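Geometric and topological summary
Chain residues, written in single-letter form:
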Amino acid sequence: MKSFHFLVFLALALAFSFASAFDPSPLQDFCVAIPEPKNAVFVNGKFCKNPNLTVAEDFFFWGLNVPGNTENRVGSNVTLVNVDKIPGLNTLGISLARLDFAPNGGLNPPHTHPRGTEILVVVEGTLYVGFVTSNPNRLITKVLYPGDVFVFPIGLIHFQFNIAKTNAVAFAGLSSQNPGVITIADAIFGPNPPINPDVLAKAFQLDKDEVEKLQKLFENA
């Protein structure tokens, strides 16, 4: 009887592990994404193009050799290549990004990817990177140089910061065709509609006036 219970437990554990997968395993060679047909039911992903009609352009993107514009309030730019840019990524569970950083403090602000782990390689410059673990919150950081690689686990808050006097460039792979991004400051102080400032004042132990100033700053970002 004990062995039977163990087998039931094992079967449930395996079923849960498959059910909680983030990008389902593909059931065919590829599934090139197409716009949703009218009156379609919702699917977790995108509808598939007839594989006999696929062409090379369905699997192609150009331009990652072009630096992104870092003339903004944080001094960074992320060029994301996900399923919206390459339809052939649909169901394949991967995407790619180029990250450009301005000198002297270009920052990819603290953010999370709710559906993907990130692996980053620096190709130019010097980056101070890190992530924060779930409770108890512990900061794990590293200074990266060209050729260095760092991993940011799925769902954890992380950042990249240029600490050098020159531009920095990195490339990142993500374990989802559509990893998503939640930038912490934007999500807290800039959502539409805004969060009640009394909530944020108590949560961050700030004066309500300071919260409202931050909300005005981020609503125009």
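Scroll up to find the structure this text is about.
Definitions and limits used
- Residues numbered from 1 in each chain as written.
- Predicted model: local features only at pLDDT ≥ 70, side-chain atom pairs only at ≥ 80, totals over all residues.
- Heavy atoms only, no water.
- Helix = DSSP H or I, 4+ residues; strand = E, 2+ residues; numbered from the N terminus.
- Contact = heavy atoms within 4.5 Å.
- Areas by Shrake-Rupley, 256 points an atom, 1.4 Å probe, with all protein chains shown as cover.
- Polar contact = N/O pair within 3.5 Å; in protein donor to acceptor, adjacent residues only side chain to side chain.
- Disulfide = S-S within 2.5 Å.
- Buried < 20%, exposed > 50% of the residue type's maximum accessible area, 1.4 Å probe, protein only.
- Salt bridge = Lys/Arg side-chain N within 4 Å of Asp/Glu carboxyl O.

For the protein, the count of helices and strands is four helices and 12 strands. Here the analysis covers contacts within the protein between residues at least 6 apart in sequence; of these, 68% occur between residues at least 24 apart. For the protein, the exposed area adds up to about 14000 Å²; of that, 62% sits on carbon and sulfur atoms.

Within the secondary structure, Thr 133 sits in the loop between strand 7 (127-132) and strand 8 (139-144). A C-alpha to C-alpha distance of 7.7 Å links Thr 133 and Ile 157, two positions 24 residues apart in sequence. Each residue touching Thr 133, except ones within four places of it in the same chain, is listed here: Arg 138, Ile 140 and Leu 156. Here the side chain of Thr 133 touches Pro 136 through a polar contact of 3.0 Å, landing on its backbone oxygen.

What follows deals with the state of the cysteines. Taken as a whole, this structure holds one disulfide when the rule is applied. Between the sulfur atoms of Cys 31 and its disulfide mate Cys 48 the distance is 1.5 Å. The disulfide joining Cys 31 to Cys 48 has a torsion of about -90° about its S-S bond and is therefore left-handed. Separated by 17 residues along the polypeptide, Cys 31 in the loop between helix 1 (2-19) and strand 1 (33-34) and Cys 48 in strand 2 (residues 47-48) bring together distant segments of the chain. Given a relative accessible area of 42%, Cys 48 falls into the partly exposed group.

Okay, the pattern of salt bridges next. If you walk through the whole model with that rule in mind, you get six salt bridges. Measuring nitrogen to oxygen at the nearest pair gives 3.0 Å for the salt bridge that ties Asp 58 to Lys 49. Residue Asp 58 is classed as buried on the basis of its relative accessible area, which comes to 10%. The residue Asp 186 makes a salt bridge to Arg 73 at a minimum N-O spacing of 2.9 Å. Placement of Asp 186 in helix 2 (residues 184-189) and of Arg 73 in the loop between strand 2 and strand 3 (76-81) is noted, with a sequence separation of 113 residues between them. In this structure Asp 186 comes out as partly exposed when scored by relative accessible area, which is 29%.

None of the figures reported here should be taken as evidence of function without further support.
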